[in-house]
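# Fold and contact review
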Amino acid sequence: MRLVSLGLTLVMLVFVVRLFQVQAVDAGAFAAKANENRYVPVKLAAERGAITDRGGVALATTVDAYDITADPSLLAPDKTRIDDAPQRAATLLAPILHEDKATLATKLAKSTSRYVLLSRQQTPQVWKKIKDLRKSLDARAAAAPKRVPRPNVLVGIFADKHSKRVYPNHDLASGVLGFVNSEGTGRGGLEARLDKQLAGKDGKLVYAQSGGRRVPTADAQVHPAVPGTDVELTLDRDIQWAAQQAITKQVAKSRADRGYVVVQDTRTGEILALANSPGFDPNDVSKADPGALGNAALSDAYEPGSTSKLMSMAAVLEEGAATPATRVTVPNRLHRGDRLFADDIDHPTWHLTLNGVLAKSSNIGTILAAGQLGKTQRQANQVLYSYLRKFGIGQPTGLGFPGETAGILAKPQDWNTSQQFTIPFGQGLSLNAVQAASVYSTIANGGERIAPSLVRGTIGPDGRYTPAPKPAKTRVVGKKTAATLATMLESVVDDEEGTGAKARIDGYRVGGKTGTSNRVDPRTGRYRGYTASFAGFAPADKPRITVYCAVQNPTQGSYFGGQVCGPIYQQVMAFALKTLQVPPTGAAPPRLPVTFQPGQ
């Protein structure tokens, strides 16, 4: 008995020591572990902010979506008493989910699995159809005689609710908007650039559970999610649509590699349209051509050709080296350095004014004019370089867009013999389409450059609207020089000897410039094909809108800028003027002389 008592005492002593350890010594650790198992944290996903155009029209928004899932073990024969329950369920689901019936049946036949994903990101309407069908099967099973069991083959079908990014206009402005990945994180365009603002801040719900179910009477801690910020862009949906339609048709007609159109408000620098072709549908990036992702209007660096002559003319006029009436004798060939330079066509000796050099887009005339910027070629190079920089060439636009190129502009001391004479007419330097448009907006705005902008303002979770910071401004040339250049650009479009006749718009004075440049093939690094372009603004005497178009490597029909991009400019500009209700000025255009008679 004493031995038994001693044994019981020792056992009780062990229990007491263990109880003391659990209740006193390690009480905090065990309580924490119990709470860890008892309380379940659940992430409350923040709703991603919307992206709209300048009028509030949604370009990117977030909606409820459902991943349709299944528990195949519930469709096993011992549960349903039906051998082909997975096949029957697949037959019912396939037309609703638009999935292959055989694939669904294979997934549902995995009777040892507790979870399979049947379809991603379905709409609430799709999930409602499945629920209604399941209720219908339940009702039929309840009404069936007991001797004829009719189990519900959709009993193991469930849905995981989450959010889905939707682009209602499909490929419209896709190069600007970008896209999000399967986790809802921005991976291109403004979705990536503004991801932190758009994403918001996730919240958290902590609740008590027992046996896998929430305890309704227990306390819960809720940290609400903070919705993302809505972003209002400067884009106008309708103008964007017109630009995208026009460039898409021209790229297809010309069998070109790609093309872009930029529409800019000359008074504010705001981009009203930024269209690329080919584009992609951000609703389903998996089907997109990898080469079409991104925004080529900002990421492509190319030699602009004759549209760049406007900057050379601006430097010549601002420096007082010549006037629009200055006479320039243009031979058929010009020997400079180690090369013979030519215009785009063979011609007898032309007797042009400086205005005529621009109107007829003479490379030789531009070389001769730019050579007057300094007493030596080295000095002339330095002066021209300073103006190119002020126009924004060789530096970022200020948009901060992912993948944007600053272009290429070597320092004047590094210009080789050829570049000294090709850069004035747009070869030997490179830029992107937005930089090219900004050059013409600068002249249209009286010689003051306003940095381009894409974001107009934001609306925070509190509903407060915050306008975007005002863009930087730079004085490039004087108002008098800008007005003179605007009049000279009218000669390109309005004069019979000009190269931009296809850009005329009835009732409006139009100023513009054609461009046809040798193109560097990005795959070989050698010149191959052409870049056709056109840039201009309207109304020329009271500018409101700039339109720039470029088409890369047109291989069918003409490759000249006036023929390929002039009609695009005309179509998009006419639509934009009408959309913004810009009235014609009614003033008659001045007629600057294009040619002169020798000896007079």
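Residues numbered from 1 in each chain as written. Predicted model: local features only at pLDDT ≥ 70, side-chain atom pairs only at ≥ 80, totals over all residues. Heavy atoms only, no water.

### Some points on helix H20 (residues 566-579)
In an α-helix, one turn spans 3.6 residues, which is why side chains three or four residues apart end up on the same side. Here H20 contains 14 residues, and its C-alpha end-to-end distance of 20 Å stays within 8% of the 20 Å for a straight helix at 1.5 Å per residue. Remark: Gln581 follows H20 within two positions and exhibits a positive phi of approximately 55°. (Helix = DSSP H or I, 4+ residues; strand = E, 2+ residues; numbered from the N terminus. Expected span 1.5 Å × (residues − 1).)

### Examining the side chain of His347
When you line up the elements, His347 lands in the loop between strand E16 (339-342) and strand E17 (350-353). A distance of 2.8 Å separates a polar atom in the side chain of His347 from a polar atom in the side chain of Asp343. Dropping the residues within four chain positions of it, His347 is found in contact with Val330, Pro331 and Asn332. (Polar contact = N/O pair within 3.5 Å; in protein donor to acceptor, adjacent residues only side chain to side chain. Contact = heavy atoms within 4.5 Å.)

### Let's talk about the packing of aromatic side chains
Inspection of every chain in the model, using the stated rule, returns eight aromatic pairs. Taking the centre distance of 4.0 Å and the plane angle of 5° together, the rings of Tyr530 and Tyr559 count as stacked. Placement of the pair is Tyr530 in strand E23 (residues 527-538) and Tyr559 in the loop between strand E24 (545-552) and helix H19 (561-564), with a sequence separation of 29 residues. Owing to a relative accessible area of 30%, Tyr530 belongs among the partly exposed residues under this scheme. Judged by relative accessible area, which is 29%, Tyr559 ranks as partly exposed. Aromatic ring contacts, followed pair by pair, group Phe341, Phe421 and Phe425 into a single cluster. Stacked on the ring of Trp350, the Lys or Arg Lys360 has its end atom at 4.7 Å from the ring centre. For Lys390, the ring lying beneath its charged end belongs to Tyr387, and the centroid distance is 4.3 Å. (Phe/Tyr/Trp six-rings, centres within 6.5 Å; stacked < 30°, edge-to-face > 60°. Buried < 20%, exposed > 50% of the residue type's maximum accessible area, 1.4 Å probe, protein only. Lys NZ or Arg CZ within 6 Å of the ring centre and 35° of its normal.)

### Section: the domain arrangement of the protein chain
If you check the domain split of the protein chain, you get domain 1 (39-62 + 163-229), domain 2 (72-155) and domain 3 (237-279 + 302-462 + 479-580). One C-alpha centre belongs to domain 2, the other to domain 3, and the line joining them spans 62 Å. (Domains from an automatic or database assignment.)

### Concerning the nonpolar core
Counting 86 residues, the largest nonpolar core has Leu233, Leu274, Ile393 and Tyr548 as its most contacted members. No other element matches helix H17 (residues 433-444), which puts eight residues into this core. Taken domain by domain, this core gets at least three of its residues from each of domain 1 (39-62 + 163-229) and domain 3 (237-279 + 302-462 + 479-580). Not counting residues within four places of it along the chain, the set of residues in contact with Leu233 comprises Ile51, Thr52, Asp53, Arg54, Leu59, Val176, Leu177, Leu190, Leu454, Val455 and Arg456. (Core = buried A, V, L, I, M, F, W, Y, C linked by side-chain atoms within 4.5 Å.)

### What to know about a nonpolar patch on the surface
Judged by side-chain polarity, Leu3, Leu6, Leu10, Leu13 and Val17 come together as a nonpolar surface patch covering roughly 520 Å² of accessible area. By secondary structure assignment, the location of Leu3 is in helix H1 (residues 2-25). Look at Leu3 and you get exposed, because its relative accessible area is 73%. (Patch = residues over 30% accessible without salt bridge, like charges linked within 9 Å, V, L, I, M, F, W, Y side chains within 5 Å. Areas by Shrake-Rupley, 256 points an atom, 1.4 Å probe, with all protein chains shown as cover. Salt bridge = Lys/Arg side-chain N within 4 Å of Asp/Glu carboxyl O.)

### What about the sheet that holds strand E13 (residues 271-277)?
Taking strand neighbours across the sheet as the criterion, the five strands line up as E13-E12-E24-E23-E22 in an open arrangement whose pairing is antiparallel. Looking at the sheet topology across the chains shown, the edges are occupied by E13 and strand E22 (511-520). Pairs of neighbouring strands in the sheet enclose a mean axial angle of 10°, with direction left out of account. The pairing of E23 with E24 spans eight bridges and is classified as antiparallel. Bridge pairing in E24 links Ala535 to Tyr548. In the packing of helix H10 (residues 237-254) onto the sheet, contacts are made with strand E12 (258-265), E13 and E24, and the angle to E13 comes to roughly 25°. In the packing of H20 onto the sheet, the strands contacted are E12, E22, E23 and E24, and the crossing angle to E23 comes to about 30°. (Pairing = 2+ DSSP bridges. Axes fitted to C-alpha atoms, helices over the stretch in contact; angles between N-to-C directions.)

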